[in-house]
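Analysis of the macromolecular model
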Amino acid sequence: MSAPPEPQLERAVSRWQIVGLSINDVIGSGIYLLPAATVALLGPFSLWGVVAAGFVVALLVLCYAQAASYFDEPGGSYLYAREAFGRFAGFEIGWMIWLTRISSAAALSNALADAVARFWPWAGHDIGRVAIIVVSLGFLTAVNVAGVRSAARTGVILVIGKLLPLLLFVAIGAFYVDLDLAFSGVRPDPHDLQRMGEAALLLLYAYAGFENIPAAAGEYKNPRRDIPFALITMIITVTVIYGAVQFIAQGTLAGLASSPTPLADAAASFGGVALALILTVGATISILGTNSNTMMMGPRFLFALARDGYGPKILAHVHPRFRTPAAAIVTQGLIALALALSGSFVQLALLSMTTRLFAYIGTAAAVIVLARRFANRPGALKLPGGPVIPVLALLLCLALFASASWQNIAAAGIAFAVGAVIYLLPRKDQVR
């Protein structure tokens, strides 16, 4: 008798659910801190910086959209680099982006505890902080193990919960904007390259997360068509929301640059304590929503690596009942928990931003190769200008990487070297 077939991933996520997941992955804690930080760095040019960043990040988004139109397999950045440059390059990109997902999950868990502590001080210290981190990561891990349908639905519910406070902030605040205040302040020195580089990394962090969406392509109903649509819809939506929020914050709150909770403080200035509380709760939901996506997408990189022969074979298994990579999900949850309990939000966020650039660089370069190989594939997305957009995106990423601190570059280099060692020790049952 032949052995029963291995359980397969379930293709259950629809086009508009992917749109919701992509927005959920990008709009996180960044938007609640972005207005103050950008004003501190860019002064009256902050609004234009936020909008310009959206257009610049769109170059990367288009690279991912084009690459996603060629494949219906899971893996995202790992898959694109592997197909374009071979197994080693693919492995290193997959390894680095998985580390990004772990550090992001840990950082967001710490940020969630900080956000909850604003209206429940017990959550900011000792056992309370540990409880928030453990319960949130445990809940998100369980939801993702239970099935991709439940994970997608949870993500969509959370994105609605995070967008409503922001839309309310914009709708009410529009009646209180002072144009003179919105565009006042000290103009930055354009020759201060360190300051400009810091602003660029900050803005990129606020727009980051979109690269995770193709990782779960094996569980989307029509990934080659729906992922490009979702990514393009996302970057337009997020740029409009970020620009509107930045404009309202700049035009309603004097001393915005020094505010630790800029949106809540701006909301209190024109909407009172009730609106400030809504924005604070919205920040909490926003962080939880982004971490929900992190816990959904991250294990798909680990699953793809294990399926290709790297790491314990159990990580490549699909749960026979839930049809999810349950072992990979639980593994990521446990490692993220250990990191979250041992590190701070700032340390973990900086690590995630530096390692994330490896995925961007790999994908932008891969698209140049894949576009030639799959030029005639039916349904493939074709970008205007041929290689112009990928080349511009690649140059952007290299410049951003060069602006990172030497400590973060060194940490990323060590992680890369560890990955190289792991690559040399594949399992004997490696299938590709």
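For the structure, check the block above.
Criteria and cut-off values
Starting from 1, residues in each chain are numbered consecutively following that chain's sequence as written. With pLDDT at 70 or above as the cut-off, local features in this predicted model cover only qualifying residues; side-chain atom pairs require 80 or more to be listed or tallied, and sums for whole chains, interfaces and linings still use all residues. Remark: hydrogens and water are excluded; side-chain values derive from all non-hydrogen atoms of the structure. Strands are runs of DSSP state E lasting at least 2 residues, helices are runs of H or I lasting at least 4, and numbering of each runs from the N terminus. Three labels apply to residues, based on accessible area from a 1.4 Å probe with only protein chains included: buried if under 20% of the type maximum, exposed if over 50%, partly exposed otherwise in between. Contact between two residues is taken to exist if any of their heavy atoms lie within 4.5 Å; hydrogens are not considered. Exposure was quantified through the Shrake-Rupley algorithm and a 1.4 Å probe, taking into account, for residues, occlusion by the shown protein chains and nothing else. Grouping buried Ala, Val, Leu, Ile, Met, Phe, Trp, Tyr and Cys residues that are joined through side-chain atoms within 4.5 Å yields what is termed a nonpolar core. The disulfide criterion used throughout: a pair of cysteine sulfur atoms within 2.5 Å. Lines fitted to C-alpha atoms define the axes here, with helix axes fitted over just the stretch in contact, and angles between the N-to-C directions of these axes take values from 0 to 180 degrees. For classification purposes, an angle smaller than 35 degrees is called roughly parallel, one larger than 145 roughly antiparallel, one from 65 to 115 roughly perpendicular, and anything else oblique. Each crossing is labelled by how the near helix is turned from the far one, with a counterclockwise turn of less than a right angle marking it left-handed and a clockwise turn marking it right-handed. A pairing counts as a salt bridge when a side-chain nitrogen of Lys or Arg comes within 4 Å of a carboxyl oxygen of Asp or Glu. Polar here means any residue other than Ala, Val, Leu, Ile, Met, Phe, Trp, Tyr, Cys and Pro, which are nonpolar, and Asp, Glu, Lys and Arg, which are charged; Gly is therefore polar. Helix span, as expected, comes to 1.5 Å for every residue beyond the first. When we speak of the arc, we mean the arc of directions from the helix axis to the C-beta atoms. Counted as a polar contact is a pair of N or O atoms within 3.5 Å, where, for protein atoms, one must be capable of donating a hydrogen and the other of accepting one, and residues adjacent in sequence contribute only when both atoms are in side chains. Think of it this way: a Phe, Tyr or Trp ring, Trp meaning its six-membered ring, pairs with another when their centres are within 6.5 Å, and the plane angle makes it stacked under 30 degrees, edge-to-face over 60, tilted otherwise. Comment: the charge-over-ring label is applied if NZ (Lys) or CZ (Arg) is within 6 Å of the ring centre and within 35 degrees of the ring normal.

Each helix and strand in the chain was counted, giving 15 helices and 0 strands. Here the chain, with 432 residues, has 56% of them falling under the buried criterion. Contacts in the chain between residues at least 24 apart in sequence constitute 85% of all its contacts with a sequence separation of at least 6. Summing over all exposed atoms, the chain offers an accessible surface of approximately 17,400 Å²; the carbon and sulfur share of this is 70%.

What follows deals with the nonpolar core. Ranked by internal contacts, the top residues of the largest apolar core, which has 109 residues, are Phe169, Phe210 and Tyr242. Residue contributions to this core peak at 15 residues, all from helix 11 (residues 262–307).

Bringing the state of the cysteines into the picture now. On inspection of all chains with the given rule, the structure shows 0 disulfides. Here Cys397 is not disulfide-linked; the sulfur of Cys63 is the nearest cysteine sulfur, at 8.0 Å. When its relative accessible area of 0% is taken as the criterion, Cys397 is described as buried.

Time to look at the packing of helix 5 (residues 87–117) against helix 15 (residues 406–423). At a minimum axis distance of 9 Å, the contact between helix 5 and helix 15 shows a crossing angle of 130°. By the criterion of interaxial angle, the relationship of helix 5 to helix 15 is oblique. Here the hand of the crossing between helix 5 and helix 15 comes out right-handed. Judged by residue contacts, Arg87, Phe88, Phe91, Glu92, Trp95, Met96 and Leu99 of helix 5 engage Ala412, Ala415, Phe416, Val418, Gly419, Ala420, Ile422 and Tyr423 from helix 15.

Moving on, we get to the pattern of salt bridges. Going through the model one piece at a time under the given rule, you end up with 7 salt bridges. With its nearest N and O atoms 3.9 Å apart, the salt bridge here joins Arg307 to Glu73. Here the residue Arg307 occupies a position in helix 11, and Glu73 occupies one in the loop between helix 3 (46–68) and helix 4 (77–85), the gap between them amounting to 234 residues. With a closest N to O distance of 2.4 Å, Asp308 and Arg82 form a salt bridge. Placement of Asp308 in the loop between helix 11 and helix 12 (326–342) and of Arg82 in helix 4 is noted, with a sequence separation of 226 residues between them. An identical accessibility class is assigned to Asp308 and Arg82; each is buried. Ionic contacts of the salt-bridge type, sharing partners, join the residues Arg15, Arg225 and Asp226 into one network.

The interhelical angle for the contact between helix 10 (residues 223–252) and helix 11, taken along N-to-C directions, is 60°, at an axis separation of 9 Å. The orientation of helix 10 with respect to helix 11, classified from their angle, is oblique. For the element pair helix 10 and helix 11, the recorded crossing hand is left-handed. Where helix 10 abuts helix 11, its residues Val245, Ile248, Ala249 and Thr252 lie against Leu263, Ala266, Ser269 and Phe270. Its residues assigned to classes, the contact of helix 10 with helix 11 shows 6 nonpolar, 2 polar and no charged.

If you check helix 12, its first and last C-alpha atoms are 25 Å apart, about what 17 residues at 1.5 Å a residue would give, namely 24 Å. Those residues of helix 12 that fall on the buried side of the exposure criterion are Ala326, Ala328, Ile329, Gln332, Gly333, Ala336 and Ala340. Projection of helix 12 onto a plane perpendicular to its axis shows the buried side chains occupying an angular sector of 155°, all on one side. More than 90 degrees from the buried face of helix 12, the exposed residues found are Leu334 and Ser342.

Looking now at the environment of Tyr310. Mapping Tyr310 onto the fold places it in the loop between helix 11 and helix 12. Overall, the relative accessible area of 5% leaves Tyr310 in the buried class. Taking C-alpha positions, Tyr310 is 8.6 Å from Phe91, a pair spaced 219 residues apart along the chain. Looking at Tyr310, its side chain comes within polar contact range of the side chain of Arg87, at 3.0 Å.

With that settled, consider the packing of aromatic side chains. Considering all chains together, one arrives at 23 aromatic pairs under this definition. The interplanar angle of 85° and the centroid separation of 5.5 Å between the aromatic rings of Tyr64 and Phe210 together place this pair among those described as edge-to-face. Residue Tyr64 is located in helix 3, and its partner Phe210 is located in the loop between helix 9 (193–207) and helix 10; the two are separated by 146 residues in the primary sequence. Tyr64 gets classed as buried once you look at its relative accessible area, which sits at 0%. Residues Phe88 and Phe416 carry aromatic rings whose centres are separated by 6.4 Å and whose planes lie at 90° to one another, so their mutual orientation is edge-to-face. Here the residue Phe88 occupies a position in helix 5, and Phe416 occupies one in helix 15, the gap between them amounting to 328 residues. A relative accessible area of 29% places Phe416 in the partly exposed class. In this structure, Arg377 is placed above the aromatic ring of Phe374, and the distance from its NZ or CZ to the ring centre is 4.1 Å.

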